[in-house]
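Residues per chain, in single letters:
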Amino acid sequence: MIKNVGIVGAGQMGCGIAHVSALAGYTVTLYDLSSERIEAGLATINGNLARQVSNGKLTDEERRDTLARISGSVDVNDLAPTDLVIEAATEDESVKRKIFGKICPVLKPEALLATNTSSLSITRLAASTDRPEQFMGIHFMNPVPVMKLVELVRGIATGEKTFKTAKDFVASLDKTVTVAEDFPAFIVNRILLPMINEAIYTLYEGVGSVDAIDTAMKLGANHPMGPLQLADFIGLDTCLSIMQVLHDGLADSKYRPCPLLVKYVEAGWLGRKSGRGFYDYRGEVPVPTR
Ligand code: NAD
């Protein structure tokens, strides 16, 4: 029975998962490395809840109660009472392994551990923990409070009880589950990221400008957002790691990350979260950077 949920990483995904979990009545501990990240995260959650109040989806009382169920922490020991921890830190296998090494000794033996990884092997991550049967992938979509889907991914050792508990937990958040096998990037990103990478190649080869490519896909393919706008929204570092995982894991040159994507990441232009990516977000309206 899940009552207390721990979340590692107060970035865009961790905050979204904290938001929907607390709204569904769970007690949430949101852990990150610095109190600045926690404070920024809690402010984002409050802003997103306030938007739901102004849209008439929540009452102000529900907003306050939801926020009161979330406590921020920079001390791993605060994860000790949790029944389920969802790791939503940076998409880097060594970072995630270090986190598991740090939190496993603190957790209750029966606690479940999940990762929100977009692409990494669940089996391999599970093997780096002390509880592979109680480990699985719970992959939320961005923005979490808005997107209906959650992909559930079992590692080779994931127990049936773990899977069922995770499935019931996701259902209690009013999300729809899809089950994916443990192959690089699962279903959504296996299909979505090569399309985004191709849009970046289209820009790199000068076939179209940022504006031309996004307009083409919005009006020509009826996508709600252009692929470059979406890349900025996901985070270009995350996009690059997913392409690298596809490239390494499937060993097919069709997954080669576009050199222009690499260059943007090297420049620290990571998209919305850093203020600049394929668009510059520092002014009133986003301005294409190419
Ligand atoms: P982000 O960069 O917004 O946030 C990552 C957070 O992790 C930061 O706050 C950082 O301080 C924290 N962190 C890093 N190392 C840490 C550590 N050792 N201990 C605790 N916290 C640590 O990233 P994000 O977009 O929220 O992505 C997080 C995860 O969710 C990644 O695995 C990513 O692949 C996955 N994901 C992302 C999206 C998306 O669209 N961005 C969608 C689905 C899944």
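### Quick word on the overall build of the protein
Alright, step 1. What the protein contains, in helices and strands, is 11 helices and 10 strands.
Alright, step 2. Scaling as 2.2 N^0.38, a compact globule of 290 residues should have a C-alpha radius of gyration of about 19 Å, and the protein matches this with 19 Å.
Alright, step 3. For the protein, the C-alpha atoms occupy an extent of roughly 55 × 45 × 30 Å along the three principal directions.
Alright, step 4. Counting every position in the protein, which comprises 290 residues, the buried fraction comes to 48%.
Alright, step 5. A sequence separation of at least 24 residues applies to 65% of the contacts in the protein between residues at least 6 apart.
Alright, step 6. Summing over all exposed atoms, the protein offers an accessible surface of approximately 13600 Å²; the carbon and sulfur share of this is 54%.
Alright, step 7. Each charge class in the protein was averaged separately, 30 positive and 34 negative side chains, and the resulting centres sit 1 Å apart.

### Notes on the packing of aromatic side chains
Alright, step 1. Tallying each qualifying case throughout the model produces six aromatic pairs.
Alright, step 2. Here the aromatic rings of Y264 and F278 are separated by 4.6 Å at their centres, their planes lie at 35 degrees, and the arrangement is tilted. Here Y264, found in helix 11 (residues 259-266), pairs with F278, found in the loop between helix 11 and strand 9 (279-280); they are 14 residues apart in sequence, far enough to count as distant.
Alright, step 3. Residue class for Y264 comes out buried when judged on its relative accessible area of 5%.
Alright, step 4. Owing to a relative accessible area of 0%, F278 belongs among the buried residues under this scheme.

### With respect to the site of the ligand
Alright, step 1. Taken together, 26 residues lie around the ligand, and D32, R37, E91, K96 and S118 are the ones closest in.
Alright, step 2. Contact distances for the ligand include 3.1 Å between an oxygen atom and a backbone N or O atom of Q12.
Alright, step 3. Here the ligand, which alone exposes 830 Å², has 89% of that area covered by the protein.
Alright, step 4. In terms of residues, the shell around the ligand owes the most to one element, helix 4 (residues 93-103), which gives three residues.
Alright, step 5. Looking at the shell around the ligand residue by residue, the class counts come to 11 nonpolar, 10 polar and five charged.
Alright, step 6. The residues that make up the shell around the ligand include at least three from each of domain 1 (4-180) and domain 2 (190-288).

### Notes on helix 1 (residues 12-23)
For an α-helix, the turn length of 3.6 residues means that residues three or four places apart are oriented alike.
Alright, step 1. Taking 1.5 Å as the rise per residue, helix 1 with 12 residues should run 16 Å; its terminal C-alpha atoms sit 17 Å apart, in good agreement.
Alright, step 2. Among the 12 residues in helix 1, 10 count as buried, and that is most of the element.
Alright, step 3. Of all the positions in helix 1, only M13, G14, C15, G16, I17, A18, H19, V20, S21 and A22 are classed as buried.
Alright, step 4. Count one or two residues on from helix 1 and you reach G25, which has phi positive near 105 degrees.

### Some details on the pattern of salt bridges
Alright, step 1. Tallied over the entire structure, the rule returns 13 salt bridges.
Alright, step 2. Between K164 and D168 there is a salt bridge; the shortest N-O distance is 2.8 Å. Highlighted residues: K164 and D168, both in helix 6 (residues 160-172), separated by four residues, approximately one helical turn.
Alright, step 3. Where R282 meets D280, a salt bridge forms, and the shortest distance between an N and an O atom there is 2.7 Å.
Alright, step 4. A single network of salt bridges, built from pairs that share partners, joins D60, R63 and R64.

### Some thoughts on the packing of helix 7 (residues 188-204) against helix 9 (residues 227-234)
Alright, step 1. Across the interface, helix 7 lies against helix 9 with an axial gap of 9 Å and an inter-helix angle of 115 degrees. Remark: the crossing between helix 7 and helix 9 carries left-handed chirality. Counted together, L192, M195, I196, A199, I200 and L203 of helix 7 and P227, L228, L230, A231 and I234 of helix 9 form the full contact between these two elements.
Alright, step 2. Its residues assigned to classes, the contact of helix 7 with helix 9 comprises 11 nonpolar, no polar and no charged.

### Some remarks on unusual backbone geometry
Alright, step 1. Cis geometry marks the peptide bond from N142 to P143; its omega dihedral reads -5 degrees.
Alright, step 2. Relative to the elements of secondary structure, P143 occurs in the loop between strand 6 (135-140) and strand 7 (149-154).
Alright, step 3. The phi dihedral of N222 falls on the positive side, at around 60 degrees, and the residue is not glycine.
Alright, step 4. N222 sits in the exposed class, given a relative accessible area of 69%.
Alright, step 5. Phi at A251 is positive, roughly 50 degrees, even though this residue is not glycine.
Alright, step 6. Of note, A251 is situated in the loop between helix 10 (236-250) and helix 11.
Alright, step 7. The exposed category is assigned to A251, whose relative accessible area is 69%.

### Let's talk about the domain arrangement of the protein
Alright, step 1. Domain annotation for the protein reports domain 1 (4-180) and domain 2 (190-288).
Alright, step 2. Taking the mean C-alpha position of each, domain 1 and domain 2 sit 26 Å from one another.
Alright, step 3. Facing seven residues of domain 1, the contacting portion of domain 2 comprises eight residues.
Alright, step 4. With both sides pooled, the region where domain 1 packs onto domain 2 buries about 600 Å², and carbon together with sulfur makes up 61% of that total.
Alright, step 5. On the domain 1 side of the contact with domain 2, Q12, E91 and S119 bury the most area, a combined 59% of that side's loss.
Alright, step 6. Joining domain 1 to domain 2, the criterion identifies zero salt bridges.
Alright, step 7. Counting across the domain 1 and domain 2 interface gives three residue pairs in polar contact (both at pLDDT 80 or more).

What counts, and at which threshold
Residues numbered from 1 in each chain as written. Predicted model: local features only at pLDDT ≥ 70, side-chain atom pairs only at ≥ 80, totals over all residues. Heavy atoms only, no water. Helix = DSSP H or I, 4+ residues; strand = E, 2+ residues; numbered from the N terminus. Rg over C-alpha atoms; globule rule 2.2 N^0.38 Å. Buried < 20%, exposed > 50% of the residue type's maximum accessible area, 1.4 Å probe, protein only. Contact = heavy atoms within 4.5 Å. Areas by Shrake-Rupley, 256 points an atom, 1.4 Å probe, with all protein chains shown as cover. Lys, Arg positive; Asp, Glu negative; His and termini not counted. Charge placed at Lys NZ, Arg CZ, Asp CG, Glu CD. Phe/Tyr/Trp six-rings, centres within 6.5 Å; stacked < 30°, edge-to-face > 60°. Near = heavy atom within 4 Å. Polar contact = N/O pair within 3.5 Å; in protein donor to acceptor, adjacent residues only side chain to side chain. Nonpolar A, V, L, I, M, F, W, Y, C, P; charged D, E, K, R; others polar. Domains from an automatic or database assignment. Expected span 1.5 Å × (residues − 1). Salt bridge = Lys/Arg side-chain N within 4 Å of Asp/Glu carboxyl O. Axes fitted to C-alpha atoms, helices over the stretch in contact; angles between N-to-C directions. Left-handed = near helix turned anticlockwise from the far one by under 90°. Buried area = accessible area lost by both parts, 1.4 Å probe.

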